[in-house]
Amino acid sequence: MDYPLVSIIVPAFNENESLEELCSRIKSVFDELNRPFELIIVDDGSTDGSFEKLESLASNYPNLTVLRHYKNHGKSLALMQGFDEAKGEFAITIDADLQDPPEEIPKLLQELEKGYEFVNGRRLDRKDEFKKRFISKVFNLIISLIFNLKIKDVNCGYKAFTKKVYKWLDLRGDLHRLIPVIINHKGFKCSEVEVNHQKRKFGKSKYKLIRYRGLLDIIALSTATTTQIRPFHFFCEVAFFFFVLACITLVFFITLGEGLSVVSKILFCFSLAWLMGISTFLPFWGYFLEINASYHQGREWRKNLIEKKIDSDLKTDH
Ligand code: UDP
Ligand code: MG
């Protein structure tokens, strides 16, 4: 049986000690499956000799491609370099630190072969410290509430894509943390499978515990996704919410007015002014985005919304 090519994409930033084991374990997995694969490792500007290690490994692994950033640009751009380079019908991303055991690759492939277009790994028994797991849980909860996403472990490094999906994906900044949100919003068929997780064997995490930028990304993406089609409606609804809050504040102020201290009165007035200001400003902002949308929601944009087209050959000429 002819199996389609699988591209394994690995972003690596200062992961020198893991790379040899990573390559050998990935090769063993594919030898056992007897399927073709290419391995693309993107060195994201390492300074620990990772690139020199990869150069020496390339002579032992003929299907290894190594790309190197001039300097560190972050995981999202490293992944994008891999996606641009990849030729596989399927692509799987794995972290370089061996926290995602390569032996789980077959599980993700099987799920893609069931017809899913995107498969997310879910680390059930996560081997990170408690603080990291806790922050991740809060992050996942916020995301599931805002985006109504069924996927539970949004930032797992293990992810599998069909070619159509990974060639479409366009990540910037730190958007790799929200890949499932972006793909699900587009309407691709998504699934999640449980994967093993290991403690980091070498080196240390490249990310700080508090990732406030992750929250900013959620806000930016939620605004972009929800306002994409009808921004004026969206912002009028949000403005109405703030207007209701302003009315409630006013009622409280009038009811409690006499008994309030001077500081509380100032605070009430300030909140009222702020809420009224926001509820007045937002519809204008929505209107501005609506005008903007009317320019970019043209023919090309609409084409992007179509998943499939049946073009019958039985057309009759008139
Ligand atoms: N990584 C990268 N560029 C960066 C930061 C991280 O390519 O600027 C890679 C890193 O080498 C690893 C993966 O992204 O392969 C995940 O990073 P890490 O293990 O530090 O994240 P954590 O598991 O702690 O969330
Ligand atoms: Mg890691």
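Residues numbered from 1 in each chain as written. Chains lettered and ligands numbered in written order. Predicted model: local features only at pLDDT ≥ 70, side-chain atom pairs only at ≥ 80, totals over all residues. Heavy atoms only, no water.

Q: What should I look at first to understand unusual backbone geometry in this one?
A: Note: most residues except glycine have negative phi, and most peptide bonds are trans. Although it is not a glycine, Asn 34 sits at a positive phi angle of roughly 60°. Taking relative accessible area as the criterion, Asn 34 reaches 63% and is therefore assigned exposed. (Buried < 20%, exposed > 50% of the residue type's maximum accessible area, 1.4 Å probe, protein only.)

Q: Got a minute to help me understand the coordination of the magnesium ion (ligand 2) in this structure?
A: Geometry sets the ideal angles at a metal, namely 109.5 degrees for four tetrahedral donors and 90 or 180 degrees for six octahedral donors. Those donors, Asp 97 (OD) and Gln 99 (OE1), are the protein atoms that reach the magnesium ion (ligand 2), and they lie 2.0 to 2.1 Å from it. Judged on exposure class, the residue Asp 97 and its partner Gln 99 are both buried. (Donors = N, O, S within 2.8 Å, 3.2 Å for Na, K, Ca; no water.)

Q: Help me understand the pattern of salt bridges in this model?
A: For side chains bearing opposite charge, pairing can occur when the charged atoms are close. Applying the stated rule across the entire model yields 22 salt bridges. As a salt-bridge pair, Glu 15 and Lys 206 come within 3.2 Å of each other at their nearest N and O atoms. Of the two residues, Glu 15 is situated in the loop between β1 (6-12) and α1 (16-33) and Lys 206 in the loop between β7 (190-195) and α8 (212-226); the sequence distance between them amounts to 191 residues. Classification of Lys 206 as partly exposed rests on a relative accessible area of 31%. (Salt bridge = Lys/Arg side-chain N within 4 Å of Asp/Glu carboxyl O. Helix = DSSP H or I, 4+ residues; strand = E, 2+ residues; numbered from the N terminus.)

Q: Help me understand the side chain of Ser 279, please; the structure alone is not making it clear to me.
A: Mapped onto the fold, Ser 279 is located in helix α10 (residues 262-296). With residues up to four places along the chain from it excluded, the contact list for Ser 279 reads Ala 239, Phe 242 and Phe 243. (Contact = heavy atoms within 4.5 Å.)

Just geometry here; none of it tells us what the structure is for.
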